[in-house]
Amino acid sequence: MSGPYDGDGSRNPERRDETQEWPERILQGLLIDLGCTLIISGGLRIFDAFSWWNALATMATVMLATVLLFVAFPGTMRGVLEWTWKALRLGATATAWTLAGAATMALVLLAGYGAYSLWDGAQPCGQPLELRMLTAQDALTPLRGAAEEFESDTGKRGCRKYSVTVIPEPGPLALSEGFARLWRSSESKENERLFGPQPDIWIPSSTAEYEYVEHVAVSEGGRLTQSCPPTAKRSDDDTHSLELCGSLGTSPLVLALFPKANAPVADPRTDPTKSSTEDLLKTIADAGVRLRNIARPVPETSGAALAVTPVLYGPRRPGDAEDAKAADAERFAEPADLVTPDAVSLLCRFRRQTPSSGDGPPDDVAVIAPEQALYDYDMGLALGDDDRCHKVDDVDRVPEYRKWQLYPHYASDLPLLDYPFVKVRWQGQDSEERNSAVNAFRRWLKDNPLTMRGFRDRFGKMPSAPAEDREHDYLPRLRTFLEDSELPEQVPSPGRTGFQEILDRIKNARPKSSIHLMVDASTSMGSASGGNGGSRLGRGAAVLQSLVSQLQSTDRVDLQFSATSPSIRLGDFRVEQDAASANKETITRNLQAMSATGRDEPLDEIVEATDLAKGQQDIVLLTDGQAPKSPPGLDSRTARLSDFFRRHGPDGRLRLTVVLTGPATCEDTPVREIVTSLGPQRAGACVQLDDTPEATQAARILSDLRWGRRA
């Protein structure tokens, strides 16, 4: 009988009882399996994030394999296990010393790293590298949010590595002149005032806007344009270059209605995207909604408004009938009471009216705006630079705001704005550090796209809104906010029309304006103005500068200062009528350079001193109204002035617009008497400047001059 004893009955020391052997072998196997698990899990971590589930799965797999091998090959596995255990025991001492040394080194490294972190944290923050970004007014809010998040993500221990300043662009016309003139407002060496901060990044509303500005800048200034990355080596002689780097996201232009007008039009059973804007307008009319106007911003100061204009005009057909139809459409899209330089300014105006208006919104007006800007408005986000249009919390819980919500409607021919990223590199500023920072921001925008801020992707597809992400503003939330509104999952891109072609159509559609600017340069105009600060003259001149910048090349304009100013020789400031860019620049330069040094004179004498040329129709007099309150013989003076207008412009063709900087108002003497004395043809009008942006006030004045004063 075999057993642990030899034949002579003595115990064999080389053999042990099986009941004592198996617990030891199981313990040895578990220790070896645990070591294998740690080694394998550490290897897997290289390829995937560490997880306890990975470790447990590895442990179970190794243990199962060990058991199966013991069952299949018990003798062999017993020998392998004994050899492995002996090897581990022999190396235990060396392993212990190695682990002790590694632990000591780790403690030294941790102590050194901790000391360095404390020292580094005590250091003051360095100056962040400033990046200047120029963008369309419509995209100002989302890009400022993106810039702030970029600064935070790239910062370290509370210190910013980059500082991104986001400023609104002045519109495609002024922008093209700015790039062509090296970002100065004038070519004159006497006037070195910069057009604004020279941008490192420009994000226009569309590629069509980029192409227009790039074409003008290259043709007038010989600048270099490149692809991104550049395909041509930049010459040291290049003053600046533009690099087109692709779309950051899209936003379709929509036709929006207020709730009362939207209710009979909304129909969830139909396709939310109409085949054309003409069909959309017909659907609105068939629903019983009679639109008085479509509120479209001024095309010269808004790339989005310029892009949508040919859609409102309809197909181009040569002939007088087409011009007449375009003229009607242009007037229909320029309501006198809703003229603004951009869509954000219009939406801001609606928001400001919300708390104070008891009558509710104008339900007979449709609004043209980018879908993303409409999202900012409806969701209560900040709108542009106007401090009065800051973010509104809980906008959905305030009944007054709900009454002013705008509901978007879509048409296949409405433009799809694609917001391209354009790198701008200036001579003398084009360092590797700055170029690297611009590239870092562009890469960050790829990982944090504008689809997180109310935009669609570059194909016009609406993104999904992750339920766990409550920090960003995804477009689908507008769908749940406006219960009756249908947002298409994808909007088509109808292609684009060149901006120069659109500008040519606008020139043919609008009546030609002939404007004579008359500026009161009396001493009182140098006094401080209310509201925006600065002098009365400076405030009014800024409005006139904006008015001049919005003129078409077919319009005519001249400038004349009050002849009663002894320090100004009238001939030096007389600018002939022609709205070509060179003449507009001269007028703008003189408006910037003028000073208030003349005497206070009666307003009627200032008007009569106007040097009128043949064909002039509109006098725009900028003044503070600080003439004697009751000048002697006022009745005879106003009668003489009325006679002056009849002689120079029979049938009311010569008109006077008094633009008041304050403190006088339109109801004060002698402004009221002068304006009302000019006959039944409404040849006189008075405008009081307020605290709205200069471009908005200039657009309203110009609209009245073009289309006549409308009630």
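Throughout this document, residue positions are counted from 1 along each chain, in the order its sequence is written. The predicted nature of this model means local features are confined to residues of pLDDT at least 70 and side-chain atom pairs, given and counted, to a pLDDT of 80 or more, with totals for whole chains, interfaces and linings taken over all residues. Side-chain calculation: all heavy atoms of the structure are included, whereas hydrogens and water are not.

Novice: What should I look at first to understand the environment of D624 in this one?
Specialist: By definition, any uninterrupted DSSP run of H or I lasting at least four residues is a helix, any uninterrupted run of E lasting at least two residues is a strand, and each is numbered from the N terminus. Mapping D624 onto the fold places it in the loop between β15 (618–623) and α22 (634–648). In this structure the C-alpha to C-alpha distance between D624 and P663, which are 39 residues apart in sequence, comes to 6.4 Å. Any pair of residues with heavy atoms lying within 4.5 Å of one another is described as a contacting pair. Leaving out residues up to four positions away in the same chain, D624 has contacts with D520, S524, M525, R536, L660, T661, G662, P663 and A664. Polar contacts involving the side chain of D624 include one to the side chain of R536, which spans 3.0 Å. N or O atoms closer than or at 3.5 Å make up a polar contact, with two conditions inside protein: a donor-capable atom paired with an acceptor-capable one, and, for residues adjacent in sequence, both atoms drawn from side chains.

Novice: I keep staring at the packing of aromatic side chains and nothing clicks. Help me out?
Specialist: Describing an aromatic ring pair means giving the distance of the ring centres and the angle of the ring planes. By convention, a stacked pair of Phe, Tyr or Trp rings (six-membered ring in the case of Trp) has centres within 6.5 Å and planes under 30 degrees apart, an edge-to-face pair has planes over 60 apart, and any other such pair is tilted. Counted under the stated rule, the structure contains 14 aromatic pairs. Put simply, the rings of F179, W183, W202, Y210 and W426 pair up and form one aromatic cluster. A cation over a ring is seen here: R402 above F481, with NZ or CZ 4.6 Å from the ring centre. Throughout this description, the term charge over a ring refers to an Arg CZ or Lys NZ atom that lies within 6 Å of the ring centre and within 35 degrees of the ring normal.

Novice: Looking at this structure, how should I read a nonpolar patch on the surface?
Specialist: Patch rule: a residue counts if its relative accessible area is over 30% and it has no salt bridge; like charges are joined within 9 Å, and nonpolar side chains (Val, Leu, Ile, Met, Phe, Trp, Tyr) within 5 Å. The protein chains shown are the only cover counted for residues, whose accessible areas, like all others here, come from Shrake-Rupley with a 1.4 Å probe. Take a side-chain nitrogen of Lys or Arg and a carboxyl oxygen of Asp or Glu: if they are within 4 Å of each other, that pair is a salt bridge. A cluster of nonpolar residues, M105, V108 and L109, forms a patch on the protein surface that exposes about 320 Å² of accessible area. Looking at where L109 falls in the secondary structure, it is placed in helix α4 (residues 92–122).

Novice: Just to check I follow, could you spell out the packing of helix α10 (residues 303–313) against helix α17 (residues 499–509) for this structure?
Specialist: Relative orientation and spacing of two packed helices are given, respectively, by the angle between their axes and the distance between those axes. Running from N to C, α10 and α17 point in directions that differ by 65°, and their axes come no closer than 10 Å. You can see that α10 and α17 cross each other, and the crossing is left-handed. Contact with α10, carried on its side by G303, L306, A307, T309, P310 and Y313, involves F499, I502, L503, R505, I506 and A509 of α17 and no other residues of that element. Classifying every residue of the contact of α10 with α17 gives nine nonpolar, two polar and one charged. Each axis is a line fitted through C-alpha atoms, taken for helices only over the stretch in contact, and angles between the N-to-C directions span 0 to 180 degrees. Crossings are sorted by hand: turned counterclockwise from the far helix by less than a right angle, the near helix makes the crossing left-handed, and turned clockwise it makes it right-handed. Note on residue classes: Ala, Val, Leu, Ile, Met, Phe, Trp, Tyr, Cys and Pro are nonpolar, Asp, Glu, Lys and Arg are charged, and everything else, Gly too, is polar.

Novice: Honestly, the nonpolar core in this entry has me stumped. Any pointers?
Specialist: Note that soluble globular proteins tend to have their nonpolar side chains buried in a common cluster. Think of a nonpolar core as a cluster: buried Ala, Val, Leu, Ile, Met, Phe, Trp, Tyr and Cys residues, connected wherever their side-chain atoms sit within 4.5 Å. Partly exposed residues are those whose accessible area sits between 20% and 50% of the maximum for their type, while under 20% is buried and over 50% is exposed, using a 1.4 Å probe and protein chains only. Membership of the largest hydrophobic core comes to 47 residues, with the highest contact counts inside it found for M133, I203, I284, F421, F441 and L445. Among the elements that take part in this core, helix α15 (residues 432–447) stands out by supplying six residues, more than any other. Setting aside chain neighbours within four positions, we find M133 in contact with L143, V164, T165, V166, I167, I201, I203 and F441.

Novice: Can you help me understand the state of the cysteines in this one?
Specialist: Linking two cysteines covalently via their sulfur atoms produces the bond known as a disulfide. Any pair of cysteine sulfurs within 2.5 Å is marked as a disulfide. A full pass over the atoms with the stated rule returns two disulfides. Note on cysteine connectivity: C348 is disulfide-linked to C389, with sulfurs 1.9 Å apart. An S-S torsion of about 100° defines the bridge between C348 and C389 as right-handed. One end of the pair, C348, is in helix α12 (residues 343–353); the other, C389, is in the loop between α13 (371–378) and α14 (399–403), and 41 residues separate them in sequence. With a relative accessible area of 1%, C389 lands in the buried category. For C666, the disulfide goes to C686, at an S-S distance of 2.0 Å.

Novice: Before we go on, may I ask you to explain unusual backbone geometry in this structure?
Specialist: The phi angle of most residues is negative, glycine excepted, and most peptide bonds adopt the trans form. The omega angle of the peptide bond from G662 to P663 is 10°, so this bond is cis rather than trans. Within the element layout of this structure, P663 appears in the loop between β16 (655–660) and α23 (671–676). Located in the positive-phi region is D394, a residue other than glycine, with phi close to 55°. With respect to the element layout, D394 can be found in the loop between α13 and α14. Its relative accessible area of 44% is what places D394 among the partly exposed residues. With a phi angle near 40°, Y419 is a residue other than glycine that sits in the positive phi range. Note that Y419 resides in the loop between β11 (416–417) and β12 (420–426). A residue is classified by how much of its surface remains accessible, and Y419, at 0% relative accessible area, is buried.

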